[in-house]
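Observations on the model geometry
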Amino acid sequence: MEMPEPDRSVIARRREIAAALRDIVPGEGVITSEDELKAFECDGLMAYRQLPMIVVLPSTTEQVAAVLRYCHGAGVKVVPRGAGTGLSGGALPLADGVLLGLGKFNRILDIDFDNRCVVAQPGVTNLGITNAVAHAGFYYAPDPSSQIACTIGGNVAENSGGVHCLKYGLTANNVLGVELALMNGEIVRLGGKHLDAEGYDLLGVVTGSEGLLGVITEVTVRILKKPETARALLLGFPTNESASDCVAAVIAAGIIPGGMEMMDRPAIHAAEAFVKAGYPLDVEALLIVELDGPEVEVDLLIERVRAIAADKGAVTCRTSTSEAERLSFWAGRKAAFPAVGRISPDYMCMDGTIPRKQLARVLQRTTELSTKHGLRVANVFHAGDGNLHPLILFDANKPGELESAEAFGVDILRLCVEVGGVLTGEHGVGVEKRDLMPVMFDEDDLKQQQRLKCAFDPDALLNPGKVFPILHRCAELGRLHVRGGQTPFPDLPRF
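The rules behind the values
Numbering of residues starts from 1 in each chain and follows the order in which that chain's sequence is written. Restriction of local features to residues with pLDDT of at least 70 applies here, the model being predicted, together with a cutoff of 80 or more for giving and counting side-chain atom pairs; totals for whole chains, interfaces and linings are based on all residues. The side-chain quantities take in all heavy atoms of the structure and omit both hydrogens and water. Only runs of H or I of at least four residues qualify as helices and only runs of E of at least two qualify as strands under DSSP, and these elements are numbered from the N terminus. The size measure is the radius of gyration over C-alpha atoms, and the globule rule it meets is 2.2 Å times the number of residues to the 0.38 power. Exposure categories follow from relative accessible area, calculated using a 1.4 Å probe and restricted to protein chains: below 20% of the type maximum is buried, above 50% is exposed, and the middle band is partly exposed. Throughout, a contact is declared for two residues whenever any of their heavy atoms are within 4.5 Å. All accessibility values rest on the Shrake-Rupley procedure with a 1.4 Å probe; residue burial counts only the protein chains present in the view. Side-chain rings of Phe, Tyr and Trp, where Trp is taken by its six-membered ring, are said to pair if the distance between their centres is within 6.5 Å; with planes under 30 degrees apart they count as stacked, over 60 as edge-to-face, and otherwise as tilted. By definition, disulfides here are pairs of cysteine sulfur atoms that lie within 2.5 Å.

What to know about the overall build of the chain
In terms of helices and strands, the chain carries 17 helices and 19 strands. For 495 residues, the compact-globule estimate of 2.2 N^0.38 gives 23 Å, and the C-alpha radius of gyration of the chain, at 23 Å, lies within 12% of that figure. Here the C-alpha coordinates of the chain stretch approximately 70 × 65 × 50 Å along the principal axes. Within the chain, the proportion of its 495 residues that are buried is 53%. For the chain, the proportion of contacts with a sequence separation of at least 24, taken over those separated by at least 6, is 71%. About 21100 Å² of surface is accessible on the chain, with carbon and sulfur atoms providing 52% of the total.

Structure follows, in structure tokens:
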């Protein structure tokens, strides 16, 4: 069978765009060969793949702005990409779009201990920030499991969390400012080293916007002093329900742990086989509860949590007696995702958030859904704030299993909304949850959200096809319904 001849006009158009981008980013900063483009065909949601038309790798803010300005004028779509560790397809390329990679933005620009903040380029890894300030006893609180690889720019785009987000907040609670290149090439700065920016909370708008509003070229984050003491409890329970009851009881007692994570039996066994953290293998659920602060306070809270756990039926209880032991408790949890990869050819990591009181109900229903779809599931999640990460195990080489995994994931997310939760906690909507947005929002809600995008990107060239199941023309949507219909930010702070 003969392959159809490629469209000559498409080829010519691609060459024209590549040549223009090479004028902006010289050297090896523009990639067009198919073999090299394959490195960018997906993010962490590897079930969906698409070769981009062109990849461009700028190294300065001015180059980013110039690339966007050219693409805006030429009507070319742009998909921003950080480290590609995202799990919702937010950086999935477009066949007719330019993928703008920020891997060269990997420098820390300023460490300001007096103001307790760090200014970093978006390609700096999450853990890289902590490593840069650890010598002075500081750290950056949000700590996703992928922190060794995920970047701070991607964390801002998805509003990432981590095991310490219960007490210290998500990315949104720890970002002080960003520099942002808009689709028309303008560069704006939101916030800074000060605690709160004046005017509308545009920083809050940008954080979690999934690359739909602009391209982040610089981030200012808050750093914290390392707690005087941190100790962890490893609590084993005979049922998921008893572990869930313990989570609710600890929070109800007014105790806010530094971290509070839960794993079910399949996740416990996978993590223990991978890391050898000393997890008990005869329990159905495991809680890791970390208390931090002054030593006398931590000692008191440890005893209170132990008593609550015993009252809720804990059958094992270990308390870390050294820093090495505390870190070993967390090592299994941090490695849970790769550990599950050892027991299944493929897995799909879901992300939904529910009220804490619904943990037991959702876990029970997830077990029932596992039977319905004929696929195993391992549960690992941030129990303290109800952010679930069910890992659906499947084999993509077996016909129909990928489709079954997707259907299973849809049922889990619908369940999250049904019990009063939301579609995502930290992975974002991307393409994975895009078609489920009407489950949570009605048409008016979605149109209002799109009006916000229109204020930043009126031609819908920046990361189109993500988040919104139907993308309306901005002219049809009209202005944002804020204060009599006026656009709420006509005068962004520009450079």
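Things to note about the packing of aromatic side chains
Within a pair of aromatic rings, the relevant descriptors are the distance that separates the centres and the angle that separates the planes. Per the stated rule, a full pass over the model turns up 2 aromatic pairs. Aromatic pair Phe 113 and Phe 138: ring centres 5.1 Å apart, planes at 35 degrees, arrangement tilted. Note that Phe 113 is positioned in the loop between β5 (108-112) and β6 (117-120) and Phe 138 in strand β7 (residues 138-139), a separation of 25 residues in sequence. Here Phe 138 falls in the buried class, since its relative accessible area comes to 8%.

Looking at the state of the cysteines
Tallying each qualifying case throughout the model produces 1 disulfide. Here Cys 454 connects covalently by a disulfide to Cys 474, the sulfurs 2.1 Å from one another. A torsion of -90 degrees about the S-S bond marks the disulfide between Cys 454 and Cys 474 as left-handed. Of the two residues, Cys 454 is situated in helix α16 (residues 443-456) and Cys 474 in helix α17 (residues 474-477); the sequence distance between them amounts to 20 residues. You can call Cys 454 buried: its relative accessible area is 12%. Summary of cysteine pairing: Cys 246 is not part of a disulfide, and the nearest cysteine sulfur, belonging to Cys 317, is at 9.4 Å. Taking the relative accessible area as the measure of exposure, Cys 317 reaches 32% and is therefore partly exposed.

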